[in-house]
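Letter by letter, the chains look like this.
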Amino acid sequence: MDNKQTNSYNQTAPNPHHPQNCRSNMQGQRRHAPVPAKMRALWLALLRQLYPNRCPVCDRVLFDAWICPSCDAKLKYVSQPVCFQCGKPLESSIQEYCSDCQKGRHHFIQGRAVFCYQGAVRGMLYRYKYAGRRDYSEFFAVQAAKRYADWARQRGIEMVLPIPLSKKRKRRRGYNQAEMFAKKFSELAGLPFDAKLLVRTRDTLPQKRLSARERKNNLKNAFKMSQSVVNLNKVLLIDDIYTTGSTIDAAALACMQAGVREIYYLCISIGQGQ
């Protein structure tokens, strides 16, 4: 990505939580005369002081950045070589596909991820999913857009779809982390977003303690499209972690059965390929 494109996802953006809430509240109200740019800039600057960002690694208060430079250095970003299909990092540039993609057939065409699932990334994602750290969404989306907004647009993505949680799990957790990340990414990438098109038909067991075969069986018929999508050809599925690909494959199959021709995916983190 060239410098001009990279700069468009500036990491010194305003605080993700409260300014966004203010904007969404304003959109639902009656329209008034536009706020002057200078006044709006002052308002956002005030909000940054009142509600500063916190580093997603060390939790330090930050006023002009998403993450501490020293903490950013602890995160391992996915880089080449990667599996051509699933995007897992590979040890050799000679290798085109990881062992999983060589052995099995996926229902998606290609996928990519931002971070390698190791070290500080593990703790960061745990807090994002289970400790209510919704404010991490903006940081993840900014990093994803810097690396993959062009990739998504070049593939002609027509809709961004988050992997849904069951109603029971979403009610217990209070939010769907994949949905929050997907919404922020779609805004930065300029792509349509729909959180209701792909739905979960039933509650399933947590995937992390299941074998690859058990994961596949656990998610069989767990997703469906809420309506016919005969005019939707290319979609981008969004999730937080890619391990064996069972979740993405099950969701991709549901998309295919509803008429989608090409499915891609983007995740926050991914495991190492073999």
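This text follows the structure it describes.
**Student:** Just checking my understanding: could you explain the overall build of the protein chain for this structure?
**Tutor:** Along its length, the protein chain carries 11 helices and 8 strands. Taken over 274 residues, the protein chain has a buried fraction of 46%. The contacts of the protein chain with a sequence gap of at least 6 include a subset with a gap of at least 24, amounting to 73%. Within the structure as shown, the protein chain displays about 14900 Å² of accessible surface, and the carbon and sulfur contribution to it stands at 50%.

**Student:** Honestly, the pattern of salt bridges in this entry has me stumped. Any pointers?
**Tutor:** Two side chains of opposite charge can pair, provided their charged atoms sit close to one another. Using the criterion set out here, one finds 10 salt bridges in the structure. Two residues, K88 and D100, come together in a salt bridge whose shortest N-O distance is 3.0 Å. Of the two residues, K88 sits in the loop between helix 4 (69-72) and helix 5 (99-103) while D100 sits in helix 5, which places them 12 residues apart along the sequence. By relative accessible area, K88 is classed as buried at 6%.

**Student:** How should I be thinking about the pairing of strand 7 (residues 234-242) in this particular structure?
**Tutor:** Along any regular strand, the residues point their side chains to alternate faces of the sheet. In terms of burial, strand 7 is largely enclosed, as 8 of its 9 residues are buried. Note: strand 4 (residues 159-162) against strand 7, 4 bridges, orientation parallel. For V160, the partnering residue across the bridge sits in strand 7 and is L236. Pairing between strand 7 and strand 8 (residues 262-270): 8 bridges, direction parallel. Opposite K234, over in strand 8, you have E262 as the bridge partner. After leaving strand 7, the chain enters helix 11 (residues 246-257) and then returns to the sheet as strand 8, a path that is right-handed.

**Student:** Sorry if this is basic, but what is going on with helix 11 here?
**Tutor:** Since there are 3.6 residues in each turn of an α-helix, residues three or four apart along the chain are aligned in direction. With 12 residues, helix 11 should cover 16 Å at 1.5 Å per step; its first-to-last C-alpha distance of 17 Å lies within 8% of that length. Of all 12 residues that make up helix 11, 9 are buried, and the element is covered over most of its length. Of the residues one or two after helix 11, G259 is the one with positive phi, at around 115°.

**Student:** Looking at this structure, how should I read the packing of aromatic side chains?
**Tutor:** Here the distance between the centres and the angle between the planes together describe a pair of aromatic rings. Counted under the stated rule, the structure contains 14 aromatic pairs. Here the aromatic rings of F84 and Y97 are separated by 6.0 Å at their centres, their planes lie at 75°, and the arrangement is edge-to-face. Here F84 is found in the loop between helix 4 and helix 5, whereas its partner Y97 is found in the loop between helix 4 and helix 5, with 13 residues between them in sequence. Plain terms: the ring middles of Y136 and F140 are 6.2 Å apart, the flat faces sit at 85° to each other, and that makes the pair edge-to-face. Placement of the pair is Y136 and F140 together in helix 7 (residues 136-154), with a separation of 4 residues, close to one helical turn. Residue Y136 is classed as buried on the basis of its relative accessible area of 2%. The exposure class assigned to F140 is buried, which follows from its relative accessible area of 1%. Three or more aromatic residues joined by ring pairs form one cluster here, namely Y77, F115, Y128, Y136, F139 and F140.

**Student:** Which parts of the structure should I look at to understand the nonpolar core?
**Tutor:** Nonpolar side chains in soluble globular proteins tend to end up buried together. Counting residues in each nonpolar core, the largest one holds 74 residues, and the members touching the most others are F115, F140, F185, L236 and L237. Of all the elements, helix 7 adds the most residues to this core, at 11 residues. Ignoring any residue separated from it by four or fewer positions in sequence, one finds L236 in contact with W151, A152, I157, M159, V160, L161, F185, Y264, Y265 and L266.

Rules of the game
Residue numbers run consecutively from 1 along every chain, following the written order of its sequence. In keeping with the predicted nature of the model, local features appear solely for residues at pLDDT of at least 70, side-chain atom pairs appear and are counted solely at 80 or more, and the whole-chain, interface and lining totals rest on all residues. Note that water and hydrogens are dropped before the side-chain values are worked out from all heavy atoms of the structure. Starting at the N terminus, helices and strands are each numbered in turn, a helix being any DSSP run of H or I of at least four residues and a strand any DSSP run of E of at least two. Classification of residues uses two cut-offs on accessible area relative to the type maximum, computed with a 1.4 Å probe and protein chains only: under 20% is buried, over 50% is exposed, and between them is partly exposed. What makes two residues a contact is simply this: any of their non-hydrogen atoms within 4.5 Å. Note that accessible areas follow from Shrake-Rupley with a 1.4 Å probe, and for residues the cover is restricted to the protein chains shown. What makes a salt bridge here is a side-chain nitrogen of Lys or Arg within 4 Å of a carboxyl oxygen of Asp or Glu, nothing more. What makes two strands pair is DSSP finding at least two bridges between them. Note on handedness: a crossover is taken as right-handed if, strands pointing away from the viewer, the path from the first strand over the helix to the second is clockwise. Multiplying one less than the number of residues by 1.5 Å gives the expected span of a helix. For this analysis, a ring pair means two rings from Phe, Tyr or Trp (six-membered ring only for Trp) whose centres lie within 6.5 Å, classed as stacked if their planes differ by under 30 degrees, edge-to-face if by over 60, and tilted for the remaining angles. For this analysis, a nonpolar core means a set of buried residues of the types Ala, Val, Leu, Ile, Met, Phe, Trp, Tyr and Cys, connected via side-chain atoms within 4.5 Å.

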